Amino acid sequence: MKNRIAELRSDRAWTQADVALRLGVSRQTINAIETGKFHPSLPVAFRIARLFELTIEEVFVDEQ
């Protein structure tokens, strides 16, 4: 599953650590999600979408 987290984060001049702090997860988790090595749980995906004031579909793209 692709995502736009790095792009959205960059638009706001936030670091991975900034996003991690706002979401209550580790920076390594944000890195793994951004690079596609880890897919977030549904609750974390919702928190990410809310953080960027977008829908889940606007942040995450299913590659089927």
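Up top is the structure.
The present account deals with the structure reproduced in this document. If you're wondering where the values come from, they're calculated on a predicted model, not measured in any experiment. (Residues numbered from 1 in each chain as written. Predicted model: local features only at pLDDT ≥ 70, side-chain atom pairs only at ≥ 80, totals over all residues. Heavy atoms only, no water.)

Describing the environment of Ala 6
Checked against the element boundaries, Ala 6 lands in helix 1 (residues 5–11). Given a relative accessible area of 34%, Ala 6 falls into the partly exposed group. As for Ala 6 and Leu 42, which are separated by 36 residues in sequence, their C-alpha atoms are 19 Å apart. (Helix = DSSP H or I, 4+ residues; strand = E, 2+ residues; numbered from the N terminus. Buried < 20%, exposed > 50% of the residue type's maximum accessible area, 1.4 Å probe, protein only.)

Comments concerning helix 3 (residues 27–34)
Taken as a whole, helix 3 has its buried residues at Ile 30, Ala 32, Ile 33 and Glu 34. Check the buried side of helix 3 and you find it contacts strand 1 (2–3), helix 1, helix 2 (16–23), helix 4 (42–51) and strand 2 (60–61). Once helix 3 ends, the next one or two residues include Gly 36, with phi positive near 80 degrees. (Contact = heavy atoms within 4.5 Å.)

Some words on helix 4
Those residues of helix 4 that fall on the buried side of the exposure criterion are Val 44, Ala 45, Ile 48 and Ala 49. End-on view of helix 4: buried residues confined to an arc of 140 degrees, all on one side of the axis. Opposite the buried face of helix 4, at more than 90 degrees from it, the exposed residues are Pro 43 and Arg 50. Buried residues in helix 4 make contact with helix 1, helix 2, helix 3, helix 5 (56–59) and strand 2. (Arc of directions from axis to C-beta.)

None of the figures reported here should be taken as evidence of function without further support.
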